[in-house]
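Read off the chains here:
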Amino acid sequence: MEFDKETINGSTDGYGRGATFELTNGQVWVQTNDEDEYLHQFMPEVLLETADNVGKLKINDMNAWLEVKRIR
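Enquirer: Can you help me understand the side chain of Gln27 in this one?
Expert: Of note, Gln27 is situated in the loop between β3 (20–22) and β4 (28–31). One polar contact links Gln27 to Trp29, side chain to side chain, over a distance of 3.0 Å. If sequence neighbours within four positions are ignored, Gln27 has contacts with Phe21, Glu22, Leu48, Arg70 and Arg72.

Put into structure tokens, the structure is as follows:
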């Protein structure tokens, strides 16, 4: 898998199944697993491990690695 450090474009209230994450590089990812946590943040950094259009994403200062699928 490939590893990237990116930034969410704008704010986020955390995550839950179906949450979308638009990154400053133009990519958009949607969460596919059931993890959920609430934490409001503005432009947090994320760690992203990908293989093709699927992978795992972790938002800075939050607990879980999320399963995600690229939609744009």
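Still more ground to cover, so stick around.
Enquirer: What is the right way to read the nonpolar core from this model?
Expert: Looking at soluble globular proteins, one finds that nonpolar side chains tend to be buried together. In this structure, Tyr15, Phe21, Leu57, Ile59 and Leu66 are the most contacted members of the largest nonpolar core, which totals 14 residues. Those elements that place two or more of their residues in this core are β6 (45–51), β7 (54–59) and β8 (66–70). Non-local contacts of Ile59, meaning those with residues more than four positions away in its chain, are made with Ile8, Gly14, Tyr15, Phe21, Gln41, Pro44, Glu45 and Val46.

Enquirer: Before we go on, may I ask you to explain the environment of Glu6 in this structure?
Expert: Checked against the element boundaries, Glu6 lands in strand β1 (residues 2–7). With 19 residues separating them in the primary sequence, Glu6 and Asn25 have C-alpha atoms 7.5 Å apart. Leave out the neighbours within four places in its chain, and Glu6 touches Leu23, Asn25, Pro44, Glu45 and Val46. Separated by 3.2 Å, the side chains of Glu6 and Asn25 make a polar contact.

Enquirer: Help me understand unusual backbone geometry in this model?
Expert: Residues other than glycine predominantly adopt negative phi, and peptide bonds predominantly adopt the trans conformation. In this structure, Asp52 takes a positive phi of about 60° despite not being glycine. Its place among the elements puts Asp52 in the loop between β6 and β7. Among the residues examined, Asp52 registers a relative accessible area of 77% and is labelled exposed.

Enquirer: What am I meant to see in the pairing of β7 here?
Expert: The two faces of β7 differ: Gly55, Leu57 and Ile59 on one face are buried, but Val54, Lys56 and Lys58 on the other face are not. The sheet contact formed by β6 and β7 spans six bridges and is antiparallel. Considered in β7, the bridge of Leu47 is made with Lys58. In sequence, β6 turns back onto β7 through a hairpin of two residues, with Asp52 there showing a positive phi of about 60°. For β7 and β8, the ladder comprises four bridges, and the chain directions are antiparallel. Counterpart to Leu57 in the pairing with β8 is Leu66. Linking β7 to β8, which pair antiparallel, is a turn of six residues; within it Asp61 sits at a positive phi near 70°.

Cut-offs applied
- Residues numbered from 1 in each chain as written.
- Predicted model: local features only at pLDDT ≥ 70, side-chain atom pairs only at ≥ 80, totals over all residues.
- Heavy atoms only, no water.
- Helix = DSSP H or I, 4+ residues; strand = E, 2+ residues; numbered from the N terminus.
- Polar contact = N/O pair within 3.5 Å; in protein donor to acceptor, adjacent residues only side chain to side chain.
- Contact = heavy atoms within 4.5 Å.
- Core = buried A, V, L, I, M, F, W, Y, C linked by side-chain atoms within 4.5 Å.
- Buried < 20%, exposed > 50% of the residue type's maximum accessible area, 1.4 Å probe, protein only.
- Pairing = 2+ DSSP bridges.

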